[in-house]
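Fold and geometry: a report
Residues per chain, in single letters:
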Amino acid sequence: MDVIALDDPTAAQVRQWHDVVTAVHAADPAGEPAPEPEQTAERLLGCGSRLRLWAAAGDGRLAAVAVLRLPGEPGAVRPAEIDIKVRPEDRRRGLGRRLLAAAAEGLRADGRSSVIAQVLAGTPAVPFLESHGFECVLTLRGMLLRLDEMPPGRVARLLAEAPPGYRLVRWQGVVPDEHASALARVKTAMADLAEYEGTPWDADRVRETAEVVAKRGDDLYTVAAFDGSAIAGFTEVVVPLGCAGRAAQYDTAVAPEHRGRRLGIWVKAAMLDWLAIERPEVREIETDNVGDNTHMLAVNEELGFRVERESLEYQAAVTALPAFR
Ligand SMILES: CC(C)(COP(=O)(O)OP(=O)(O)OC[C@H]1O[C@@H](n2cnc3c(N)ncnc32)[C@H](O)[C@@H]1OP(=O)(O)O)[C@@H](O)C(=O)NCCC(=O)NCCS
């Protein structure tokens, strides 16, 4: 079995890659819909961050694949992201380790100092990463809100319980220029939950993030609670292109000085109220919650979100990764 770089994959290689993804998904579906070939192709060829790809190949097929996402410019402080998939029948033969070693070379070549991986709790990925220098830095609870199961009137009641002194503003897509700096400031307030993100938020990064969503063809909705011209709290939901009923919760944050006034649940209720009119096809909203973020968990549970799965974010220093031989 050879480890090969696939930096410019052919259509046939993208198909073979998809076969590996499908085989891994079938063995461990984790409640998510099976990936479509177009999604795999989009992931490998689509725009967004720079990618490096490797595969373990032999007998005319791929046994394992690895994708390394390199956000920002070479040498950026932000960690890269690694995802390795080995066909179930080819596991425990060192393929995962060899692909990780190849990715480590790629990380060094790009001047990166660390890498993260997001994996499901209770799967082989946990002992694999822990035996290769990774440490768990975050626990994320995947939660789902089924809108049909919400008691009638709950959204209207929460929306009516407006914290005094705030007003709601909402927009679709990129933030209007007059609010861009205010949004960057409150996004920085989330940094205490995701220290590894490193890069500070400014108006340009806020716009860039929204533009990446738009380029994919997805729709970003934002609801913010204003205190004068400052954003005290906000919430974002993305409705994917060709939405099959499931939207994704993106960021929600309340600035530290405005916490404890039920602003988080208010902006989320306002979002549900808006989506019901604007995007009635949305039946479910999924979200990831940082495991120790008890306030956000409580808000989501009050809204009706239920825990579906637990994922873990692992991080390693590039110096701790295996060497390529
Ligand atoms: C996680 C995964 C990539 C490991 O691939 P692999 O080729 O089986 O891993 P390797 O054979 O290189 O294992 C190297 C070491 O990791 C550890 N390890 C890997 N799988 C393990 C398991 N199921 N239980 C315990 N330890 C394990 C062992 O220390 C192993 O060394 P050993 O076999 O000599 O004991 C594979 O199980 C997989 O594709 N899982 C599904 C996708 C996924 O979750 N990917 C993780 C994203 S980074």
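Above this text sits the structure in question.
Report on the accompanying structure. (Residues numbered from 1 in each chain as written. Predicted model: local features only at pLDDT ≥ 70, side-chain atom pairs only at ≥ 80, totals over all residues. Heavy atoms only, no water.)

**A closer look at the overall build of the chain**
Tallying secondary structure elements over the chain gives 9 helices and 12 strands in all. Here the chain has a C-alpha radius of gyration of 21 Å; the compact-globule value for 325 residues is 20 Å, and the two agree. The burial tally for the chain puts 47% of its 325 residues in the buried class. Taking as baseline every contact in the chain between residues at least 6 positions apart, the subset at least 24 positions apart corresponds to 73%. Accessible area for the chain stands at about 16,000 Å²; split by element, carbon and sulfur atoms hold 51% of it. Considering the chain, the positive charge centre built from 38 side chains and the negative charge centre built from 49 side chains are found 2 Å apart. (Helix = DSSP H or I, 4+ residues; strand = E, 2+ residues; numbered from the N terminus. Rg over C-alpha atoms; globule rule 2.2 N^0.38 Å. Buried < 20%, exposed > 50% of the residue type's maximum accessible area, 1.4 Å probe, protein only. Contact = heavy atoms within 4.5 Å. Areas by Shrake-Rupley, 256 points an atom, 1.4 Å probe, with all protein chains shown as cover. Lys, Arg positive; Asp, Glu negative; His and termini not counted. Charge placed at Lys NZ, Arg CZ, Asp CG, Glu CD.)

**Considerations on helix 7 (residues 203-215)**
Its 13 residues place the ends of helix 7 18 Å apart at the C-alpha level, agreeing with the 18 Å of an ideal helix rising 1.5 Å per residue. Next to the buried residues of helix 7 lie helix 6 (177-188), strand 8 (219-227), strand 9 (230-239) and strand 10 (246-254). Where helix 7 begins, the capping side chain belongs to Asp-202, and its oxygen is found 3.2 Å from the backbone nitrogen of Asp-204. Once helix 7 finishes, Gly-217 follows within two positions and takes phi at roughly 90°, a positive value. (Expected span 1.5 Å × (residues − 1). Polar contact = N/O pair within 3.5 Å; in protein donor to acceptor, adjacent residues only side chain to side chain.)

**Remarks on the pattern of salt bridges**
On inspection of all chains with the given rule, the structure shows 27 salt bridges. Here Lys-85 and Asp-83 are joined by a salt bridge, their closest N and O atoms 3.3 Å apart. Glu-105 serves as the salt-bridge partner of Arg-108, at 3.1 Å between the closest nitrogen and oxygen. On the criterion of helical spacing, the pair formed by Arg-108 and Glu-105 is a turn pair, its members being 3 residues apart in helix 3 (residues 95-109). Its relative accessible area of 37% is what places Arg-108 among the partly exposed residues. Taking the relative accessible area as the measure of exposure, Glu-105 reaches 38% and is therefore partly exposed. Here the salt bridges do not stand alone but share partners, grouping Arg-146, Arg-246, Glu-284, Glu-286 and Glu-308 into one network. (Salt bridge = Lys/Arg side-chain N within 4 Å of Asp/Glu carboxyl O.)

**Some words on the layout of surface pockets**
Of the voids in this model, the second largest pocket is the one considered here, and its volume is about 230 Å³. Forming the boundary of the second largest pocket are 16 residues, of which Leu-147, Met-150, Val-155, Leu-272 and Ala-276 lie nearest the centre. When residues of the lining of the second largest pocket are traced back to their parent elements, those giving at least two are helix 5 (154-160) and helix 8 (263-278). If you tally residues by element for the lining of the second largest pocket, the top one is helix 8, at 4 residues. Residues that form the lining of the second largest pocket fall into these classes: 11 nonpolar, 1 polar and 4 charged. (1 Å grid on protein atoms, 1.4 Å probe; cavity = no way out; pocket = protein on both sides within 12 Å on 5 of 7 lines; lining within 4 Å. Points joined across faces, edges and corners; volume = space filled by probe spheres on them. Nonpolar A, V, L, I, M, F, W, Y, C, P; charged D, E, K, R; others polar.)

**Some points on the side chain of Asn-300**
Position of Asn-300 among the secondary structure elements: in helix 9 (residues 294-303). Residue classification places Asn-300 among the buried residues on the basis of a relative accessible area of 0%. Not counting chain neighbours up to four residues away, the residues in contact with Asn-300 comprise Met-143, Lys-268, Thr-287, Asn-289 and Phe-305.

**Regarding the site of the ligand**
Neighbouring residues of the ligand: 19 residues in total, closest Ile-84, Val-86, Gly-94, Gly-96 and Arg-97. Between the ligand and the protein, one listed contact pairs a nitrogen atom with a backbone N or O atom of Ile-84 at 2.7 Å. Within the contact set of the ligand, an oxygen atom lies 2.9 Å away from a backbone nitrogen or oxygen of Arg-92. Computed on the free molecule, the ligand has an accessible area of 920 Å², of which 76% lies beneath the protein chains in the complex. Within the residue set of the shell around the ligand, elements represented by two or more residues are strand 4 (80-86), helix 3 and helix 4 (125-130). The element that contributes the greatest number of residues to the shell around the ligand is strand 4, accounting for 4 residues. (Near = heavy atom within 4 Å.)

Everything listed here is a matter of coordinates, which is why it stays silent on function.
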